[in-house]
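Secondary and tertiary structure notes
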There are 2 protein chains.
Amino acid sequence: MAGGIGSRFWPYSRNHRPKQFLDFFGTGRSLLQMTIDRIRPLVPIENVLIVTNIDYRDLILEQIPDMRKEQVLCEPARRNTAPCIAYAVAHIRAITDKANIIVASSDALILNETEFQRIVSKGLDFVSENDVLLTLGMKPTRPETGYGYIQFEAADSDFLRVKTFTEKPNAELAEVFLKSGEFLWNAGIFLWNLQTIWSSFREFLPDIAGPFERGAAKMGTTEEEAFIQSMFASLPKVSIDYGIMEKAQNVYVLPADFGWSDLGTWGSLYDLSDKDKEDNVVLHCEANLYESQNNVVALESGKLAVIQGLDGYIVAESDGVLLICKKNEEQRIRQFVERADELYNGRFS
Amino acid sequence: MAGGIGSRFWPYSRNHRPKQFLDFFGTGRSLLQMTIDRIRPLVPIENVLIVTNIDYRDLILEQIPDMRKEQVLCEPARRNTAPCIAYAVAHIRAITDKANIIVASSDALILNETEFQRIVSKGLDFVSENDVLLTLGMKPTRPETGYGYIQFEAADSDFLRVKTFTEKPNAELAEVFLKSGEFLWNAGIFLWNLQTIWSSFREFLPDIAGPFERGAAKMGTTEEEAFIQSMFASLPKVSIDYGIMEKAQNVYVLPADFGWSDLGTWGSLYDLSDKDKEDNVVLHCEANLYESQNNVVALESGKLAVIQGLDGYIVAESDGVLLICKKNEEQRIRQFVERADELYNGRFS
């Protein structure tokens, strides 16, 4: 999945260049490229599909030059994850009736790729032989309030039955979750086989499965694009978590620990990054900091920031926009972007 | 005089483009152009000389297209104002033995040009008939600690004898100066005739007058440039205030009130500029400010600043450098520039 617009990372992330396409850590690889890199040992590249917005197709083909145009599925509208996944699954159904599927977002960070590959291989073995929906659960390391949690039933197995999915908890609850040892972070990485997930769509999201089944003859043909254009925008906006995972009875979680972060916000990027003696994080640019602590500073590469007397701020500049905002107010960035959109007619978004 | 490097306005002012060449207020005219504009009704343009660094000659000829190259006198080294003025005066001596001279810097702001012209005309009349050194004294409007002061002897005349020149006072003293009514701000705008100033150079700064007199035959010829190259760097570094004005007995001041500011710092620019309801000043760029007061925000034109939770800061960005600094720490900007010079070998200065 590579259709997000990443507005929480504005102004670094922009409409024409959302965060999955950015080289966040200056390694020379974008988050999307890193996602593909870590999938390659598990899945032949010709079996990878990327679902995205039409605007990003060229950028994807540029970043992943050995993918064919046909592997990039374009959504005509944003309809959350369930229609996005249904589109890819319907495309696979036109090719084969037997497949194991990994669903992953293209904008997460995973530090230990070997462990990722070990866990995913193990998960694929499990779903290939069982009629289950498997999600990977990250072992929590802190009472994070920015993630969803998965509660599991203790069992003498690596694969644990899911009791509940819980949305982002408040600080107090997150502390309880962490201490209980019964909760894992929901990373949104799913494994299942083709039959199981399609049955689940039919059962829990017939408004989505139905239209795809009625057009099944067109999927995988030259008519696919026109068919998707005609029906996609009328699909309900619903997440795969809410639409299927929270309702199905055959949901399992495989605990994992491979240094995952959803890299959702400047704050999570700050937490992940190397800090100087005063706990400042400097990305891409040069920075001279005086009497300044706990900041994340990210200007375009080659630029210099000279900062005096700031504590706990985001200072981010990209492509004509400078953002200065307290780290603990970062949830308001979306609102700032919306306001700027109104004022400047989308010029800075 | 247009040779300054304006480091207190870094990063807006840069080595390759000091503040006198910048369009500070977005009016379409640089400070230098505004200086020339206000002099034009008083002095034919062919009688104007600009003393500057060789690096800025082309920029000057571009900004003032009706000046000839010969009117731009280039200092091979920075030697403060006395050698700079002596150079121009020696150049004039090669052309004529009778002239009235206005000396002014190219980076001050004057709001009331008509009053400026009235005062300067009156001053020129006075110096053309008297063997005096005249300076313009600005009526102080606040206890400014950033300016030098001139104390005068009360008299029943517009032209007052100068008692003392005082360097930048502390806050307490500035308050006393303001209340006494006997002090004016030293704007560094001087009027005198050719004979009087050259006699003063001979008397008080023979180390400067001497070398110019020995080369007098070369001044105004094709040999002038080589002659200046050979001798200028060995002249003593001294200001006209310290070298002559504080020592001569025939120094007069003409009080004036034409909306002058030396525009020396971000703080003075802030004080001068229009403010929004929260007392923020925004220059050149767009800005959306949230919970922010008393800031001066100056990004390059066409850019957007989104700022949350800042009080009393300078936020200035230009040509690859972002400065964020408390307004009341702005005297440290020079030190920041020096540090950046050391670290990056002059790349950002």
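Residues numbered from 1 in each chain as written. Chains lettered and ligands numbered in written order. Predicted model: local features only at pLDDT ≥ 70, side-chain atom pairs only at ≥ 80, totals over all residues. Heavy atoms only, no water.

Bringing the overall build of chain A into the picture now. From N to C terminus, chain A includes eleven helices and 16 strands. Taken over C-alpha atoms, the radius of gyration comes to 21 Å for chain A, in line with the 20 Å a tight globule of 349 residues would show. Overall, chain A is about 60 × 50 × 35 Å in size when its C-alpha atoms are taken along their principal axes. Accessible surface for chain A amounts to roughly 15,200 Å². Of this, 46% is attributable to carbon and sulfur atoms. (Helix = DSSP H or I, 4+ residues; strand = E, 2+ residues; numbered from the N terminus. Rg over C-alpha atoms; globule rule 2.2 N^0.38 Å. Areas by Shrake-Rupley, 256 points an atom, 1.4 Å probe, with all protein chains shown as cover.)

Counted according to the given criterion, the structure contains 34 salt bridges over all chains. Note that A:Arg202 is salt-bridged to A:Glu213, the shortest N-O span being 2.8 Å. One end of the pair, A:Arg202, is in helix α6 (residues 194-204); the other, A:Glu213, is in helix α7 (residues 206-214), and eleven residues separate them in sequence. Since its relative accessible area comes to 29%, A:Glu213 is described here as partly exposed. The closest approach of N and O atoms between B:Glu144 and B:Arg142, which form a salt bridge, is 2.9 Å. Exposure remark for B:Arg142: the relative accessible area of 30% places this residue in the partly exposed category. In the salt-bridge network here, residues are joined through shared partners; they are A:Glu300, A:Lys303, A:Glu317, B:Glu300, B:Lys303 and B:Glu317. (Salt bridge = Lys/Arg side-chain N within 4 Å of Asp/Glu carboxyl O. Buried < 20%, exposed > 50% of the residue type's maximum accessible area, 1.4 Å probe, protein only.)

Another aspect to go through is the packing of aromatic side chains. All names here are of chain A. Tallied over the full model, the rule gives 36 aromatic pairs over all chains. On the basis of an interplanar angle of 70° and a centroid distance of 6.5 Å, the ring pair of Tyr149 and Phe183 is categorised as edge-to-face. Of this pair, Tyr149 sits in strand β6 (residues 149-152) while Phe183 sits in strand β8 (residues 183-193), placing them 34 residues apart in sequence. For Phe183, a relative accessible area of 9% corresponds to the buried category. (Phe/Tyr/Trp six-rings, centres within 6.5 Å; stacked < 30°, edge-to-face > 60°.)

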